[in-house]
Amino acid sequence: MFEMRRPGAVLFDRDGTLIRDVPYNGDPNRVEPMPGALEALVRLRRADVPVAVVTNQSGVAKGLVSPDEMDQVNARVEELLGPFDAWAICVHDDADGCTCRKPAPGLVIRAAAVLDVSPRDCVVVGDIGRDMEAARAAGARGILVPTEVTRPEEIDQAPEVADNLIEVVDRVLTDAEDPVPAGARIAAPWARAMGWSRW
Ligand SMILES: [Mg+2]
Ligand SMILES: [Zn+2]
């Protein structure tokens, strides 16, 4: 179904994927990377694959996390895991009926647009079914990395499952046949310079 080539970008869910899931966390001191997260990101950056975060933060809509607290947590994520080429964040809740909250595809589409790649060339990595549904709805490749909170049916229904983020990177980089030589690829320095993206 997917062409075997280097992805245009890898879009990561935040909670339970890049960092341990602390529900409605507004405290940067409680940010703890998931095993393998830093290594996975370093390898993707070295391979010149843009990396982004696509995250539901309904705690903001619920008033449990302030926008400033969320920014502090996200800044701590970048302190620990390095800079991301884009952040796409949904601060709404289910009742808001927005088009960005996963399983809707809005965050994936937005991150891909900021990175100037097609959603079809993106890999979405997450820990629950909502992440995989958002990937599918956007036409992206989804890879589920289950945690203890992932439900068995979410694992059964996932298009792909990996044990951890290292395995994800192994798979997406080694799946890429005939990689374009370094230097031949058009980088997007403006995307890096843009910093965080949200709406
Ligand atoms: Mg998650
Ligand atoms: Zn939203």
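Residues numbered from 1 in each chain as written. Chains lettered and ligands numbered in written order. Predicted model: local features only at pLDDT ≥ 70, side-chain atom pairs only at ≥ 80, totals over all residues. Heavy atoms only, no water.

## Thoughts on the overall build of the protein chain
Phase 1: Check the secondary structure of the protein chain and you find eight helices and five strands.
Phase 2: Along the chain direction, N to C, the helices and strands of the protein chain fall in the order β-α-β-α-α-β-α-β-α-β-α-α-α.
Phase 3: Out of the 199 residues belonging to the protein chain, those deemed buried represent 49%.
Phase 4: Partitioning the contacts of the protein chain with sequence separation of at least 6, the portion at a separation of at least 24 is 68%.
Phase 5: Carbon and sulfur atoms make up 51% of the accessible area of the protein chain, which totals about 9,700 Å². (Helix = DSSP H or I, 4+ residues; strand = E, 2+ residues; numbered from the N terminus. Buried < 20%, exposed > 50% of the residue type's maximum accessible area, 1.4 Å probe, protein only. Contact = heavy atoms within 4.5 Å. Areas by Shrake-Rupley, 256 points an atom, 1.4 Å probe, with all protein chains shown as cover.)

## A word on the coordination of the zinc ion (ligand 2)
Phase 1: Each protein donor to the zinc ion (ligand 2) is listed here as C90 (SG), H92 (ND1), C98 (SG) and C100 (SG); together their distances run 2.0 to 2.3 Å.
Phase 2: Here the zinc ion (ligand 2) is ringed by four donor atoms whose angles at the metal span 100 to 118°, and the overall shape comes out tetrahedral.
Phase 3: Counting along the primary sequence, the residues that act as donors to the zinc ion (ligand 2) give the motif C-x1-H-x5-C-x1-C. (Donors = N, O, S within 2.8 Å, 3.2 Å for Na, K, Ca; no water. Tetrahedral: all angles 85-135°; square planar, octahedral: opposite > 155°, others 65-115°.)

## With respect to unusual backbone geometry
Phase 1: Of the consecutive residues K102 and P103, the connecting peptide bond is found in the cis state with omega at 25°.
Phase 2: Its identity is not glycine, yet D48 carries a phi of approximately 65°, on the positive side.
Phase 3: Note on placement: D48 falls in the loop between helix 1 (37-46) and strand 2 (51-56).
Phase 4: Owing to a relative accessible area of 29%, D48 belongs among the partly exposed residues under this scheme.

## Considering the coordination of the magnesium ion (ligand 1)
Phase 1: Every protein donor of the magnesium ion (ligand 1) is accounted for by D13 (OD), D15 (O) and D127 (OD), and the metal-donor separations fall at 2.1 to 2.2 Å.
Phase 2: Taken in chain order, the donor set of the magnesium ion (ligand 1) reads D-x1-D-x111-D.

## Section: the sheet that holds strand 1 (residues 9-12)
Neighbouring strands of a sheet are bound in pairs by backbone hydrogen bonds; such pairs are parallel or else antiparallel.
Phase 1: If you trace the five strands from one edge of the open sheet to the other, you get 3-2-1-4-5, paired in parallel fashion. At either margin of the open sheet sits one strand with a lone partner, and together these are strand 3 (86-90) and strand 5 (141-144). Strand after strand, the sheet turns through a mean of 20° between neighbouring axes, direction not considered.
Phase 2: Looking at chain direction, strand 2 and strand 3 are connected through five bridges and run parallel. The residue of strand 3 that forms the bridge with V53 is W87.
Phase 3: Its contacts with the sheet place helix 5 (residues 129-138) against strand 2, strand 4 (122-126) and strand 5, and it is angled at close to 165° to strand 4. (Pairing = 2+ DSSP bridges. Axes fitted to C-alpha atoms, helices over the stretch in contact; angles between N-to-C directions.)

## Looking at the packing of helix 1 against helix 7 (residues 165-174)
Phase 1: Put simply, helix 1 and helix 7 touch, their axes get as near as 8 Å, and they point 20° apart. Taken together, helix 1 and helix 7 sit at an angle that is classed as roughly parallel. Between helix 1 and helix 7 lies a crossing of left-handed hand. Residues A37, E39, A40, R43 and L44 of helix 1 touch helix 7, and the partners they reach there are L165, I166, V169, D170, V172 and L173.
Phase 2: Classifying every residue of the contact of helix 1 with helix 7 by side-chain character gives eight nonpolar, no polar and three charged. (Parallel < 35°, antiparallel > 145°, perpendicular 65-115°, else oblique. Left-handed = near helix turned anticlockwise from the far one by under 90°. Nonpolar A, V, L, I, M, F, W, Y, C, P; charged D, E, K, R; others polar.)

## Notes on the packing of aromatic side chains
Phase 1: This structure, assessed with the given rule, holds one aromatic pair.
Phase 2: Residues F84 and W87 carry aromatic rings whose centres are separated by 5.7 Å and whose planes lie at 75° to one another, so their mutual orientation is edge-to-face. Neither residue differs from the other here; F84 and W87 are each classed as buried.
Phase 3: In this structure, R45 packs its charged tip against the face of F84, placed 5.5 Å from the ring centre. (Phe/Tyr/Trp six-rings, centres within 6.5 Å; stacked < 30°, edge-to-face > 60°. Lys NZ or Arg CZ within 6 Å of the ring centre and 35° of its normal.)

## Section: helix 5
Phase 1: Within the sequence span of helix 5, burial applies to G129, D131, M132, A134, A135 and A138.
Phase 2: Looking at the packing, one finds that the buried side of helix 5 touches helix 4 (106-115), strand 4, strand 5 and helix 6 (152-157).
Phase 3: Residue G139 follows helix 5 closely and has a positive phi angle near 85°.

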